[in-house]
Amino acid sequence: MTDITSSVVELSAVVDTRYGGKALGLAELAAAGFDVPAAFVIADADPDALPAGLEERYAALAASGASVAVRSSAAGEDGAESSFAGQYESVLGVRDLDGLVDAVRRCVASTGSERASAYQADSGVSGTMHLVVQEMVEARAAGVVFTADPVSARRDLAVVDAVPGLGESLVDGSTTSDHYEVDRDGTITGRVTAEQPALSDAEVLAIVDGARDAEERWGRPLDLEWAIDDAGRLRWLQARPITTLPGALDEMDSTLAGEDHVYTRCNIGEMMPGAFCPLTASVSGQAIEYAMQTVQVTAGFQSAYEDDRWRQLGYFSGHLFLNMTEGTALSSGILGNSLEQYSLSIAGRVVDELVPQPPKPFPVRLLNTVRLTTFALSAGLAIRRLDTRLAEFSTPAARTPAALLAELDAGVELYNEATLTHVRSSSRSAVAANVLEETLVKEAVKAGRSEDDGRSQASALMAGGTDVESAVMLGQLDDVVDRLAADRQDGARFLELAPGEAVRWLTGGSGGTSRDLRGFLERHGHRGYRELCLRDPSWGDDPEGLGTMMQAMLRARLATGRATRPARAYDDAELSRAVRTLARLARKGAGGREATKSRMVLVAHRLSRGYRLLGEQLAELGRLPDADLVFFFDRRELPALLTVQDTSEMVAAAQARRAALPFQARLEFPDVSVGRPVPFTPQPPEGMEDGVIVGRPACSGVVEGTVRVATTVVEAQDLQPGEVLVAPVTDVGWTPYFTLIAALVTDIGSSVSHGAVVAREYGLPCVVNTQGATRVLRTGDRVRVDGDRGTVTILAETGQPEEVATPA
């Protein structure tokens, strides 16, 4: 076959990958003291020229009467880059020399099989065949253990799959395995087993302990095969790197502000939904951190802003969290606020995990209250100052990376100011809204009604703010769609084109509808889905996404023959003058809050374009392989791309982060975490009884309809007119779909969240903060949404007839 001479190599002599990854993995396990069945290697295996001494070495291995297994250990197999798992032949139960020779022949022949050849071509690796001959374990149970979950890419979870008997039935898929997930604390957090599990819990934990010991020695996540014999002895059969993992999901995590600090996705999840690239975290996230710390400094709760530390927020596994423990300074340091009120305003419930800080002396609280109130109510001056700076700020566009970075850094300073101004405006808005709700709740209870009646009345009173930016924006887009619906020829043309082409065609026209769309984009083109993400495109930069929404709106308009319902204002004639004044202030505050949010997003939009240009310049210079990779650096890392001679390590790290982002996006977290937030498998919300999901009322009205669950705005493209939209949270990118739906239900949110504000302007019954409606409801279910009581009642589940009451 070849000029290379086949030879027998002892496992103790294997010190590198020349004999394949499988042989090296076993050798390293044995050298580290793991219980590995006796084995040797046939190097450069050739069935027509067997190595000298093979018969004697096999006889020594089989002296105990045990059979042996013959497995491939080809070059490139079970390596750091590719595994070749299952591509080559393995032969079990070999009991004599003739069987060994036949096994060698079969394994070597498998290198030329169609499946192995295809794999070799795809991976770019050719397989020089070496073989591991190993004592067989008469297994009571066998399987594999991954020290990181290969599906979710979570490195804090070990995964064990086990079957009774030999492990080959697991590898070839002929048997369904028991499945266990074990966290870093040694807790089995998930299991799916047969009625008679193959392992005890103690055996599962022993396997995981051994695997993690091996991982620590190797310095990387591993996939190990194991077997347990009838005596309960744990043996290790293989070890190889997991080749399918992206970068560590927590590689860019911020430092915990405190091991016992309480973090939440509530509130911040409305502004920053989903997982974000590192550049967004270090620019948008840091801007929010700056604004919130500055509020703490202004109110006297913090001595100075700390640029090098995350205090108010945390960035974990690509997601941003609010540090509620830091926020408890508000409840202990100002008048008229309590820990319970703070918890309710952020998380929609009393957070028992929060530990109150000792209350400050009354004079201190009074002074802090005056400072904070003055800061919030004087937002108007800050807004005017911001508008002056915005008029002078254009998209960074310098022609060299160094000059462009300087422009971007100046833009980041403006972004910090814009975010702080928005926080001040939001505080002013929240004061009026909270006082209004508290007043009406007290009046409702005094009158013998429920607290929810008071909250519903407060939500209704906040409708009708005609100058709310999001409502104005949606109204303008509605006008464009109405004109398309009225013009049969233009409407048909818009629908027959691909979404992006439809927008480009319309914006390039000269008619009134074209002018309206250009006007909409000029004023609102910087808005969009996840609009504070520097990597995600705005409507102005994403004609495909905008066109998809407009086509859905147009089809609904043509199908129903009606325009979008007008804004609905609450009749407040019978209310006291004080309540009417509070309602007017709350509506004005909501409008101001939406306006400053638009300014903040405008700066983010211009920075996004500037960073994308920086990526293009760096790619042209060969510093980056592609422009998009610029979003996977922390902002403070970017200058090094201009000065470091060899950027290969930096590029590799950024590529690993990019590979991790889709996995991070699939993670879900508890609404509240103590210490570092850990992803979890969400369960249906607690407290659901008799098919009723309880949330918080955000817009009054009762409607029955069919559910459309959409966890992303892309899934919302399937919305049909009159459906009930059930989503984790909605930002401005979702609002065009509000013209189609009959009601809105969200997992998180408050009465002043974006979705609630726009729902009120369009008279949509709205229930927020259900803490898991997306996990309970399914598309096709029929529900009753009660925006007065904050409930969602399941009338009929998918595929089941709706229950009809019969006369008594």
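Throughout what follows, the structure given in this document is the object of discussion. What you see is a predicted model; the values in this text were computed from it and never measured.

## Focus: the overall build of the chain
Alright, step 1. A count of helices and strands for the chain gives 24 helices and 23 strands.
Alright, step 2. Out of the 808 residues belonging to the chain, those deemed buried represent 55%.
Alright, step 3. For the chain, the share of sequence-separated contacts (at least 6 apart) that also reach a separation of at least 24 residues comes to 68%.
Alright, step 4. Of the accessible surface of the chain, which amounts to about 34400 Å², a share of 50% is contributed by carbon and sulfur atoms.

## Re the sheet that holds strand S13 (residues 313–316)
Alright, step 1. As summarised here, the arrangement of the four strands in space is S13-S14-S12-S15, forming an open sheet in which the pairing is antiparallel. A single partner strand is all that each edge strand has here, and the edge strands are S13 and strand S15 (672–674). Between one strand and the next, the sheet's axes are offset by a mean angle of 35 degrees, whatever the strand orientation.
Alright, step 2. Pairing of S13 with strand S14 (residues 319–323) involves four bridges; the strand directions are antiparallel. Among the inter-strand pairings, Phe316 is bridged to a residue of S14, identified as His319.
Alright, step 3. The sheet strands contacting helix H8 (residues 278–298) are S13 and S14, and the helix crosses S13 at an angle near 165 degrees.
Alright, step 4. On the sheet, helix H9 (residues 324–333) packs against strand S12 (262–264) and S14 and is oriented at approximately 35 degrees with respect to S14.

## Considering the side chain of Glu531
Alright, step 1. Here Glu531 is to be found in the loop between helix H18 (512–524) and helix H19 (543–560).
Alright, step 2. Owing to a relative accessible area of 9%, Glu531 belongs among the buried residues under this scheme.
Alright, step 3. Discounting residues that sit within four places of it in the chain, Glu531 has contacts with Lys597, Val601, Ala604, Asp731 and Val732.

## Focus: a nonpolar patch on the surface
Alright, step 1. Taken together, the side chains of Phe362, Leu366 and Val370 define a hydrophobic patch exposed on the protein surface, amounting to about 270 Å² of accessible area.
Alright, step 2. Looking at the element boundaries, Val370 is found in helix H11 (residues 362–377).
Alright, step 3. In this structure Val370 comes out as partly exposed when scored by relative accessible area, which is 47%.

## Notes on unusual backbone geometry
Alright, step 1. The phi angle at Asn769 is positive, at roughly 55 degrees, despite the residue not being glycine.
Alright, step 2. In the Ramachandran plot, Gln771 falls in the positive-phi region, its phi being about 60 degrees despite a non-glycine side chain.
Alright, step 3. Here Gln771 lies in the loop between strand S21 (766–768) and helix H24 (773–776).

## Remarks on the pairing of strand S20 (residues 743–746)
Across a regular strand the side chains alternate sides, sitting on one face of the sheet and then on the other.
Alright, step 1. Burial of the side chains of S20 extends over both faces: Ala743 and Val745 are buried on one face and Leu744 and Thr746 on the other.
Alright, step 2. Two elements, strand S19 (residues 724–727) and S20, share four bridges in a ladder whose sense is parallel. Note that in S20 the partner of Ala727 across the bridge is Thr746.
Alright, step 3. As judged from the two bridges shared by S20 and S21, these two strands associate in the parallel manner.

## Description of the side chain of Asp747
Alright, step 1. Relative to the elements of secondary structure, Asp747 occurs in the loop between S20 and helix H23 (754–761).
Alright, step 2. One buried charged residue, Asp747, remains without a salt bridge, the closest side chain of opposite sign being Arg775 at 4.8 Å.
Alright, step 3. Among the polar contacts made by the side chain of Asp747, one reaches the main-chain amide nitrogen of Ala773 at a distance of 2.8 Å.

## A few points about the nonpolar core
Alright, step 1. Counting residues in hydrophobic clusters, the biggest one holds 62 residues, and the most contacted among them are Tyr415, Leu607, Tyr611, Leu614 and Leu638.
Alright, step 2. At the level of secondary structure, the elements contributing two or more residues to this core comprise H8, S13, S14, helix H10 (339–347), helix H12 (379–392), helix H13 (401–446), helix H20 (577–620) and helix H22 (648–665).
Alright, step 3. The greatest single-element share of this core, amounting to nine residues, is contributed by H20.
Alright, step 4. Filtering out sequence-adjacent residues up to four positions away, Leu607 remains in contact with Val283, Phe393, Leu408, Gly411, Val412 and Tyr415.
Alright, step 5. Core analysis: the second largest hydrophobic core is formed by 43 residues, Val503, Leu517, Ala552 and Ala716 among them.

## A word on H19
Along an α-helix, residues three or four positions apart point the same way, because every turn accommodates 3.6 residues.
Alright, step 1. The end-to-end C-alpha distance of H19, which contains 18 residues, comes to 25 Å, matching closely the 26 Å that a straight helix rising 1.5 Å per residue would cover.
Alright, step 2. Buried within H19 we find Pro543, Leu546, Gly547, Thr548, Met549, Met550, Gln551, Ala552, Met553, Leu554, Ala556 and Arg557.
Alright, step 3. Turning to H19, the residues buried within the fold contact helix H15 (469–486), helix H16 (488–496), helix H17 (499–507) and H18.

## Some details on the sheet that holds strand S4 (residues 90–94)
Alright, step 1. If you walk across this open sheet you meet the five strands as S1-S2-S5-S3-S4, and the pairing is antiparallel. The open sheet has two free edges, formed respectively by strand S1 (7–10) and S4, since each of these has just one partner strand. Going from strand to strand, the sheet's axes swing by 20 degrees on average, the running direction of each strand aside.
Alright, step 2. Relative to strand S2 (residues 39–43), S1 runs antiparallel, the two sharing four bridges. Residue pairing for S2: Ser7 is matched across the bridge by Ala43.
Alright, step 3. Contacts from helix H1 (residues 21–31) reach S2, strand S3 (68–72) and strand S5 (131–135), with the element oriented near 40 degrees to S5.
Alright, step 4. Lying over the sheet, helix H2 (residues 54–61) contacts S1, S2, S3, S4 and S5, oriented at roughly 160 degrees with respect to S2.

## Quick word on the packing of aromatic side chains
Alright, step 1. As enumerated under the stated definition, the model contains seven aromatic pairs in all.
Alright, step 2. Between Tyr263 and Phe316 the ring centres are 5.3 Å apart and the planes differ by 85 degrees, which places this aromatic pair in the edge-to-face class. Of this pair, Tyr263 sits in strand S12 while Phe316 sits in strand S13, and the two are 53 residues apart along the sequence. Grouping residues by exposure puts Tyr263 and Phe316 together as buried.

## Comments concerning the packing of H17 against H19
Alright, step 1. Contact geometry for H17 and H19: axes closest at 7 Å, N-to-C directions at 90 degrees. Taken together, the axes of H17 and H19 lie roughly perpendicular to each other. Of the residues in H19, those in contact with Pro499, Gly500, Ala502, Val503, Arg504 and Leu506 of H17 are Pro543, Glu544, Leu546, Gly547, Thr548, Met550 and Gln551.
Alright, step 2. In the contact of H17 with H19, the residues fall into seven nonpolar, four polar and two charged.

## Quick word on the pattern of salt bridges
Alright, step 1. Inspection of every chain in the model, using the stated rule, returns 39 salt bridges.
Alright, step 2. One salt bridge in this structure joins Arg635 and Asp409, with 3.2 Å as the shortest N-O distance. Of this pair, Arg635 sits in the loop between H20 and helix H21 (640–643) while Asp409 is found in helix H13, placing the two residues 226 residues apart along the sequence.
Alright, step 3. Given a relative accessible area of 25%, Arg635 falls into the partly exposed group.
Alright, step 4. Between Asp626 and Arg658 there is a salt bridge; the shortest N-O distance is 2.8 Å. On the criterion of sequence distance, the pair formed by Asp626 in the loop between H20 and H21 and Arg658 in helix H22 is long-range, its members being 32 residues apart.
Alright, step 5. Residue class for Arg658 comes out partly exposed when judged on its relative accessible area of 22%.

Procedures and definitions
Residues numbered from 1 in each chain as written. Predicted model: local features only at pLDDT ≥ 70, side-chain atom pairs only at ≥ 80, totals over all residues. Heavy atoms only, no water. Helix = DSSP H or I, 4+ residues; strand = E, 2+ residues; numbered from the N terminus. Buried < 20%, exposed > 50% of the residue type's maximum accessible area, 1.4 Å probe, protein only. Contact = heavy atoms within 4.5 Å. Areas by Shrake-Rupley, 256 points an atom, 1.4 Å probe, with all protein chains shown as cover. Pairing = 2+ DSSP bridges. Axes fitted to C-alpha atoms, helices over the stretch in contact; angles between N-to-C directions. Patch = residues over 30% accessible without salt bridge, like charges linked within 9 Å, V, L, I, M, F, W, Y side chains within 5 Å. Salt bridge = Lys/Arg side-chain N within 4 Å of Asp/Glu carboxyl O. Lys, Arg positive; Asp, Glu negative; His and termini not counted. Polar contact = N/O pair within 3.5 Å; in protein donor to acceptor, adjacent residues only side chain to side chain. Core = buried A, V, L, I, M, F, W, Y, C linked by side-chain atoms within 4.5 Å. Expected span 1.5 Å × (residues − 1). Phe/Tyr/Trp six-rings, centres within 6.5 Å; stacked < 30°, edge-to-face > 60°. Parallel < 35°, antiparallel > 145°, perpendicular 65-115°, else oblique. Nonpolar A, V, L, I, M, F, W, Y, C, P; charged D, E, K, R; others polar.

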